[in-house]
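So the chains spell out like this:
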Amino acid sequence: MRDEFDEPQSTLDSNPASAGEAAVPAVSTVGQVPAGIRLLNRDFLTDAVNLPDGSIDLIVADPPYGLGKDYGNNSDMRSGDDFLAWTRSWLELAIPKLKPSGSLYIFCTWQYAPEIFVFLKSHLTMINEIIWDRRVPSMGGTVRRFTSVHDNIGFFAVSKDYYFDLDPVRIPYDAATKKARSRKLFEGSKWLEMGYNPKDVWSVSRLHRQHAERVDHPTQKPLEIVERMVLASCPPGGRVLDPFMGSGTTAVACARQQREFVGYEINESYCAIARERVSSLPVAVAAVSSASAAQSDPLTAVES
Ligand SMILES: C[S@@+](CC[C@H](N)C(=O)[O-])C[C@H]1O[C@@H](n2cnc3c(N)ncnc32)[C@H](O)[C@@H]1O
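Below is a short write-up of the structure. (Residues numbered from 1 in each chain as written. Predicted model: local features only at pLDDT ≥ 70, side-chain atom pairs only at ≥ 80, totals over all residues.)

## With respect to helix 2 (residues 80-94)
Working step 1: Compared with the 21 Å implied by 1.5 Å per residue over 15 residues, the 21 Å span of helix 2 between its first and last C-alpha is a close match.
Working step 2: When we look at burial in helix 2, the residues that qualify are Phe83, Thr87, Leu91 and Ala94. Here the buried residues of helix 2 occupy an arc of 65 degrees about the axis, which is enough to place them on one side. In helix 2, those exposed residues whose orientation departs by more than 90 degrees from the buried face are Asp81, Asp82, Ala85, Ser89 and Glu92.
Working step 3: Summarising the contacts, the buried residues of helix 2 are in contact with strand 2 (56-61) and helix 3 (113-121). (Helix = DSSP H or I, 4+ residues; strand = E, 2+ residues; numbered from the N terminus. Expected span 1.5 Å × (residues − 1). Buried ≥ 20, exposed ≤ 12 C-beta atoms within 10 Å, placed from the backbone. Arc of directions from axis to C-beta. Contact = placed C-beta atoms within 7 Å.)

## Thoughts on helix 8 (residues 268-279)
Working step 1: Counted at 1.5 Å a residue, the expected span for helix 8 with its 12 residues is 16 Å, and the 16 Å between its end C-alpha atoms agrees.
Working step 2: Burial runs high along helix 8: nine of the 12 residues are buried.
Working step 3: Every buried residue belonging to helix 8 is among Tyr270, Cys271, Ile273, Ala274, Arg275, Glu276, Arg277, Val278 and Ser279, and all of these are buried.
Working step 4: Buried residues belonging to helix 8 abut strand 1 (37-40) and helix 7 (249-256).

## Comments concerning the pairing of strand 4 (residues 125-133)
On any regular strand, side chains alternate: one points to one face of the sheet, the next to the other face.
Working step 1: The pairing of strand 4 with strand 5 (residues 150-157) spans eight bridges and is classified as antiparallel. In the strand pairing of strand 5, Met126 is matched with Phe156.
Working step 2: Bridge count for strand 4 against strand 6 (residues 201-203) is three bridges, and the pairing is parallel. Of the residues in strand 6, the one forming a bridge with Trp132 is Trp202. (Pairing = 2+ DSSP bridges.)

## Some words on the sheet that holds strand 6
Working step 1: The eight strands lie next to each other as 1-8-7-2-3-5-4-6, forming an open sheet whose pairing is mixed. Edge positions in the sheet fall to strand 1 and strand 6, since each of these pairs with one other strand and no more. In this sheet, adjacent strand axes meet at a mean angle of 15 degrees when their direction is disregarded.
Working step 2: As paired elements, strand 7 (residues 239-242) and strand 8 (residues 260-264) share four bridges and run parallel to each other. By the bridge assignment, Arg239 is partnered in strand 8 with Glu260.
Working step 3: Contacts from helix 3 reach strand 3 (98-108), strand 4 and strand 5 within the one sheet, and its direction differs from that of strand 5 by about 5 degrees. (Axes fitted to C-alpha atoms, helices over the stretch in contact; angles between N-to-C directions.)

## Considering the site of the ligand
Working step 1: Among the 22 residues in the neighbourhood of the ligand, the closest are listed as Ser75, Phe244, Gly246, Ser247 and Thr249.
Working step 2: Residue classes in the shell around the ligand are distributed as nine nonpolar, nine polar and four charged. (Near = placed C-beta within 6 Å. Nonpolar A, V, L, I, M, F, W, Y, C, P; charged D, E, K, R; others polar.)

In structure tokens, the structure reads:
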């Protein structure tokens, strides 16, 4: 395993698959992993001990689902009680990393969500269950039950005083709807001007092979989903942990939105993809100066 992925490194080839992610005002760090973004080619379960407790604002966890996916390792070959025991073990490592105002999103499936949510409710406060409708088109498939087209996302917080900012993730109303709500009653309503709450069913297409954002990872998550979590649940300049970063979607969201990031991934090729994706962004993590990161950052322990 290599662990130099957190060092700024040049990118020789540009990544056409990431082109759709380059929509943010350009500054100057193209070709380098931005300061404050740490991509670790390490096993979260054995390395979490190096991450200080209480240092994380937000955990975005997209672990193996227990469905037998091939990640170039056997990490998704557990099932049943074995899978649930493993899930509890990494959650017990991850939860203490959160600050008192921190929160956690966990992607999972309907098969295991009930047990995982019950476990999490014994440690944290449950805020939402979000249903990600993957917009899977109708096809043949199963005839013995209804076709499953969603992932379950649990949203939990350490306390009732958790950080949450709805404004950056509001969905603007179109002109016609605004006009239809033009009665005096609605005048000056913040929700009408700034848009509405995204609600708890998120209908976002999965990344099919032709999608501009798609890279070579079998379960890459759409940036739109992860960016919404980061914007709503991590303060600007705050720090996000992704224990299973895969192709680095959470890292990309953090680099674009000026949050710090630390992520773990055991597959070296996926780490390289993550590095390529964040290095290709025309964006600087302005809120994170490398100088202050080096001097006063409790995460330096992670890299030693
Ligand atoms: C569901 S994928 C994450 C996908 C990611 N959200 C993305 O958008 O690309 C889970 C990842 O966890 C990695 N993984 C499995 N066990 C791990 C461990 N113990 N520590 C770190 N990464 C691990 C797998 O190799 C896989 O790439």
